[in-house]
Amino acid sequence: MKIPFIHHKHSEESIHISEDHIPEHIAIIMDGNGRWAQKRGMPRVAGHKEGMSTVVNIVKAAVKYKVKVLTLYTFSTENWKRPKTEVDTILKLPKQFLHIYLPDLMANNVRIGTIGDIEHLPAHSREAVQYAVNRTRDNNGLQLNFALNYGGRQEILNAMKELFADINDAKLSLDDVDEQTFSGYLYTTGLPDPDLLIRTGGEKRLSNYLPWQFAYTEFWFTDVLWPDFSEKEFIQALEEYGQRKRRFGGL
Ligand code: V0D
């Protein structure tokens, strides 16, 4: 017997996402930008630039569906290993992005934050990002975090060293260290753990992204390359998330 194939349309009428099933915190690995450009005979950096307009579209979609926190993986500690010219061009993107889109983000009441070791970024990118963080600090809409010079193991080690220092200075007792205290030493202090991870570009791995915070996170992968990712796929991820039952290890 043939099993009928059900087509899922994405017209406005067929979207059913109930408000109470919207993930509070979504993390995204925006992969496939370089490949998107190479497929078109363009330099890889052209894909990174194209990826910036997807960032804005998805930020607006997140605002529309009332997501509270969106954390985007923009530059990992491993990305320094790429050719210097590519690294230099990528590190100019925050300033370019903010020059074009900061007014738009302000109008959408978006609050910008960062996770990662931003002290070791070139001054021009660090200063552009710090300006945007300050400019948006009183906004109370979507919390938009950019992971910049971020590495998950480095984050955990760094947290452990700071925690040890506080124990050494008698600011903290080893007996008081639990998951919550430890979380307070991570870059994500004060944020809820991500409910949903979206990774574009076909790879199915974490690439050192938020290893502590992803303990109970739902994963959603797509082959769509980041510059081609749109509200349509974003909604699909939200719908599938809404259908999953989360148990956090219980029944
Ligand atoms: C390249 C696709 C926005 C993925 C998007 C420095 C990788 C374009 C920012 C950005 C990058 C960062 C901070 C900020 C505002 C915008 C960005 C980088 C790469 C790495 F405050 N896009 N974007 N940063 N890409």
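Here's a quick rundown of the structure. (Residues numbered from 1 in each chain as written. Predicted model: local features only at pLDDT ≥ 70, side-chain atom pairs only at ≥ 80, totals over all residues. Heavy atoms only, no water.)

### Some remarks on the pairing of strand β4 (residues 143–150)
Residues in a regular strand project their side chains so that they alternate between the two faces of the sheet.
In step 1: Counting buried positions along β4 gives eight out of eight residues, so the element sits mostly inside the fold.
In step 2: Judged from the seven bridges that link them, strand β2 (residues 69–76) and β4 form a sheet pairing that is parallel. Within β4, the position partnered with leucine 72 by the bridge is phenylalanine 146.
In step 3: In terms of strand pairing, strand β3 (residues 111–115) meets β4 through five bridges, oriented parallel. Note on β4: the bridge partner recorded for arginine 111 is glutamine 143.
In step 4: Traced from β3 through helix α5 (residues 123–135) to β4, the parallel crossover comes out left-handed. (Buried < 20%, exposed > 50% of the residue type's maximum accessible area, 1.4 Å probe, protein only. Helix = DSSP H or I, 4+ residues; strand = E, 2+ residues; numbered from the N terminus. Pairing = 2+ DSSP bridges. Right-handed = clockwise from strand over helix to strand, strands pointing away.)

### Some remarks on the site of the ligand
In step 1: Close contacts around the ligand come from 17 residues, with Asn33, His48, Thr74, Phe97 and Phe146 the closest.
In step 2: Alone, the ligand offers 530 Å² of accessible surface; in the complex the protein occludes 98% of this.
In step 3: Among the elements of the structure, α2 (44–64), β2, α4 (93–107) and β4 are those that each provide at least two residues to the shell around the ligand.
In step 4: A per-class count over the shell around the ligand returns 13 nonpolar, four polar and no charged. (Near = heavy atom within 4 Å. Areas by Shrake-Rupley, 256 points an atom, 1.4 Å probe, with all protein chains shown as cover. Nonpolar A, V, L, I, M, F, W, Y, C, P; charged D, E, K, R; others polar.)

### Describing the packing of aromatic side chains
In step 1: If you walk through the whole model with that rule in mind, you get 13 aromatic pairs.
In step 2: An angle of 80° between the planes, with centres 5.9 Å apart, marks the rings of tyrosine 73 and tyrosine 150 as edge-to-face. A residue pair is termed long-range when its members are at least 10 positions apart, and tyrosine 73 in strand β2 and tyrosine 150 in strand β4 qualify at 77 residues.
In step 3: Between tyrosine 73 and tyrosine 209, the aromatic rings sit 4.1 Å apart at their centres with planes inclined by 10°, giving stacked as the arrangement. (Phe/Tyr/Trp six-rings, centres within 6.5 Å; stacked < 30°, edge-to-face > 60°.)

### Topic: the sheet that holds strand β5 (residues 196–199)
In step 1: Strand order in the open sheet formed by six strands is β3-β4-β2-β1-β5-β6, with parallel pairing between adjacent strands. A single partner strand is all that each edge strand has here, and the edge strands are β3 and β6 (218–221). Neighbour-to-neighbour, the strand axes of this sheet turn through a mean angle of 20°, independent of strand direction.
In step 2: Sheet topology places strand β1 (residues 25–29) next to β2; five bridges connect them, and they run parallel. Following the sheet pairing, isoleucine 29 is matched in β2 by tyrosine 73. (Axes fitted to C-alpha atoms, helices over the stretch in contact; angles between N-to-C directions.)

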